[in-house]
Amino acid sequence: MTEFDKMRQGLAFNGIDTDLRLRREAARLACAKYNAHPSKGNLRHITRLFAEFGSLVIEPGFQCDYGTQIHIGERGYINFNCFFLDSAQITLGDDVLIGPGVHLYTVDHPRDAATRAAGECHAKSISIGNKVWIGGGAKILPGITIGDNAIIGANVVVTRNVANNERYLG
């Protein structure tokens with residue numbers, strides 16, 4: 001089983017594997033093409049990486065690790081300079097508004113220094129419901145679920161699940 005297969009199945013994987021590094025490089029190049037000349041035509045460089053997407057706007061400065069595990073619903077808006085580290089699935093529902101500088105982190109590293117130095121990683125999915133607003137600069141940690149109609153405050157680090165209709169302001 002490849003490290004990519006392990007990653008996609010939610011198993012521990014080696015993040016410094018050559019194939020994974022090349023996949024991240026390909027995603028960076030796709031994002032760079034769009035970010036250098038943002039247009040609907042160049043948006044395809046990013047969206048063809050995605051597992052699925054509806055109608056969406058992505059402002060320049062977008063970065064992702066792979067793109068292959070990103071699922072976006074209808075009428076999504078991703079503001080400037082957002083980072084989606086998608087070693088596990090990232091799902092955004094319909095009508096999700098993502099503020100500038102928001103980071104979604106699915107990947108995590110072992111707490112043991114020797115294991116971490118060897119490149120072992122693991123990842124947990126992030127799920128964001130419908131009609132969610134995430135304020136600028138927010139950070140969403142691995143394994144988090146955000147319910148429908150929730151509001152995440154600016155510059156908040158989300159360390160727990162957020163219920164439907166909840167305001168998580170830090």
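Throughout what follows, the structure given in this document is the object of discussion.

Calculation notes
- Residues numbered from 1 in each chain as written.
- Predicted model: local features only at pLDDT ≥ 70, side-chain atom pairs only at ≥ 80, totals over all residues.
- Heavy atoms only, no water.
- Salt bridge = Lys/Arg side-chain N within 4 Å of Asp/Glu carboxyl O.
- Helix = DSSP H or I, 4+ residues; strand = E, 2+ residues; numbered from the N terminus.
- Core = buried A, V, L, I, M, F, W, Y, C linked by side-chain atoms within 4.5 Å.
- Buried < 20%, exposed > 50% of the residue type's maximum accessible area, 1.4 Å probe, protein only.
- Contact = heavy atoms within 4.5 Å.

### A few points about the pattern of salt bridges
Tallying each qualifying case throughout the model produces 5 salt bridges. Among the salt bridges present, the one from Arg-23 reaches Asp-19, with a minimum N-O distance of 2.9 Å. A residue pair is termed a helical-turn pair when its members lie 3 or 4 positions apart in one helix, as Arg-23 and Asp-19 do in helix α2 (residues 18–36) at 4 residues. Across the salt bridge formed by Glu-166 and Arg-160, the nearest N and O atoms sit 2.6 Å from each other.

### Topic: the nonpolar core
Membership of the largest hydrophobic core comes to 35 residues, with the highest contact counts inside it found for Phe-62, Phe-84 and Ile-146. Only α2, α3 (40–47), β3 (56–58), β5 (70–72), β8 (90–92) and β13 (126–128) provide two or more residues apiece to this core. With 3 residues, the top contributor of residues to this core is α2. Residues in contact with Phe-84, not counting those within four places in the same chain, are Phe-62, Gln-63, Cys-64, Asp-65, Ile-70, Ile-78, Ile-90, Leu-92, Ile-98 and Leu-104. With 9 residues, the next largest nonpolar core counts Phe-4, Met-7, Leu-20 and Ala-123 among its residues.

### So, α3
Within the span of α3, buried status applies to Asn-42, Leu-43, His-45, Ile-46 and Thr-47. Summarising the contacts, the buried residues of α3 are in contact with α2, β2 (52–53) and β3.

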